[in-house]
Structures are given as structure tokens and as C-alpha cells.
Amino acid sequence: MLNKFPDFHFYLNKSILIIISLFIMIITLLWLWNNYFLWPKNSGYLADYELIEGPVRIADNAGQSSGLAFDTSLNQLYVIVNSPQQIHRLSASGKYLGSVDLQGFTDTEGIAFLGNEQFALVDEREGIVSWFIMNPETKTIQFKPEQSIKIFPYNVGNVGLEGITYDRKSKQLFVVKDRKPKKIYALQWPVRNIKQPVINIPWNAEDSPWWLA
């Protein structure tokens, strides 16, 4: 029967190739639109910003810098490093002002300015939030259990607490868990009960990623 239509297979194959080509073209256009047109505008990335000056070298041993905080009272920046465990003080323009050694900590990651010379940091692997006083004369900060709380009862490895910030309006510390699962914990500040702190989980980032929030 098909022999009466010698071009049947030719046109059939040609139609299939056209359909596949159109499908690939549509997928490619959608990918380009999402990644090069919508993504930079909706994701909070720095695509709409222009680098005016820099980059600035923080310090010789700041290759493992992991967090940044801004002291509004002194107009200074604080960069936390997890190896070696230190905090570097910088001017608002990035000039190196000095360093503070962190003793008794394990894996320091994020740092937040709480006001009135008070700061908080997170220890990733131990799942600990610590707070302390730091001023321009401070040279060393010692870990103190009475000024710390554990979010997790055990060492979670390199998937623990990665960042911390402070919301002055709600007076809450927001602590970010890296992954497995991704979560953001909220702690009322100041912490009134170290042994049984109130920990809220306002955002399960594993189930509700930011682009769906």
C-alpha cells in the first residue's frame, strides 16, 4: 500500500524533524528569556548595579571570609572568617582597621550587628548562635556558653548555620540553615531563656524556595 506513495516516508521524517526542531527552539527561547531577561530583574542579583570602585583586599588571611555586618554607629564593616577564626574591621570604604581573634569557636560563618556594640555570630557545624560585645579596643572574643544557644542538639557538619541577620523592627534574629533542609529560624532578641529558647521557623526554604514565596 505504501509503495503507491514513494514520498510518504520522506515527508513523515521531515515532519518529525520539523516538530523536534520547533520544540528545541521553544525550549531554548524559554531558557534564554528566563535566565537573561527575567532572572536578573526578579532574583535580587547585582545585574542592575555598576561597580564604581574595588574590589578591595581585606587582609592577607581573609580568603575564607563568610559573613559581613555593618555597624551604623561607627560606620564600619565587619568581615567574619572561618579559617582562621577572626573578625576583620574595615572602614565603610574598605580600608583595613584591625582584627579580632575568635577563641573557642569551631566554624564561624555569619555575623550581625545588633546595636550598642552588640554583635551575634553563628557557628555552622555546632549549630550555635552566640552574642558578644565588640568595640574598637576589642582584640579577642572568647566563646561563652552563657551567651550562646544551640539550634541543633548535635554537630550537623557542613550543612548547618550559614548566615545571620537582625531585624530591629520585630527585634528578631533570623538564622539561615545551609541545606538538608534549607530553613530560616527566627529568635526573639534578646534571648531570655538560653536552655529553652523560643525558635520559630517562618520559612521552610526547602519546600518554598524564594522564587515561589
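Residues numbered from 1 in each chain as written. Predicted model: local features only at pLDDT ≥ 70, side-chain atom pairs only at ≥ 80, totals over all residues. Heavy atoms only, no water.

Colleague: Please clarify how the side chain of His88 should be interpreted in this entry.
Modeller: You can see His88 is positioned in strand β3 (residues 85–91). With a relative accessible area of 1%, His88 lands in the buried category. A distance of 2.6 Å separates a polar atom in the side chain of His88 from a polar atom in the side chain of Ser99. Ignoring anything within four residues of it in the chain, the contact list for His88 reads Ile58, Ala59, Asn61, Ala62, Leu77, Tyr78, Val79, Val81, Tyr96, Gly98 and Ser99. (Helix = DSSP H or I, 4+ residues; strand = E, 2+ residues; numbered from the N terminus. Buried < 20%, exposed > 50% of the residue type's maximum accessible area, 1.4 Å probe, protein only. Polar contact = N/O pair within 3.5 Å; in protein donor to acceptor, adjacent residues only side chain to side chain. Contact = heavy atoms within 4.5 Å.)

Colleague: What is the right way to read the packing of aromatic side chains from this model?
Modeller: Any aromatic ring pair is given by two values, namely how distant the centres are and how the planes are angled relative to each other. Under the defined criterion, the tally for this structure stands at six aromatic pairs. Residues Phe105 and Phe143 carry aromatic rings whose centres are separated by 5.4 Å and whose planes lie at 80 degrees to one another, so their mutual orientation is edge-to-face. Separated by 38 residues along the polypeptide, Phe105 in the loop between β4 (96–103) and β5 (108–115) and Phe143 in the loop between β8 (140–142) and β9 (148–150) bring together distant segments of the chain. Residue Phe143 is classed as partly exposed on the basis of its relative accessible area of 23%. Between Trp131 and Trp189, the aromatic rings sit 5.5 Å apart at their centres with planes inclined by 75 degrees, giving edge-to-face as the arrangement. Taken together, the residues span a long stretch of sequence, with Trp131 in strand β7 (residues 128–133) and Trp189 in the loop between β12 (183–188) and β13 (199–203) at a distance of 58 residues. Judged by relative accessible area, Trp131 falls into the buried class, the value being 13%. Chaining the aromatic ring pairs together yields one cluster made of Tyr78, Phe113, Phe119 and Phe132. (Phe/Tyr/Trp six-rings, centres within 6.5 Å; stacked < 30°, edge-to-face > 60°.)

Colleague: Honestly, the side chain of Asp123 in this entry has me stumped. Any pointers?
Modeller: Topologically, Asp123 is positioned in strand β6 (residues 118–123). Although Asp123 lies buried, it forms no salt bridge, and the closest oppositely charged side chain, Arg125, sits 7.1 Å away as judged by the N-O distance. Here Thr106 takes part through its backbone nitrogen, which lies 2.7 Å from a polar atom of the side chain of Asp123. Beyond its immediate stretch of four places on either side in the chain, Asp123 contacts Phe105, Thr106, Asp107, Thr108, Ile128 and Leu161. (Lys, Arg positive; Asp, Glu negative; His and termini not counted. Salt bridge = Lys/Arg side-chain N within 4 Å of Asp/Glu carboxyl O.)

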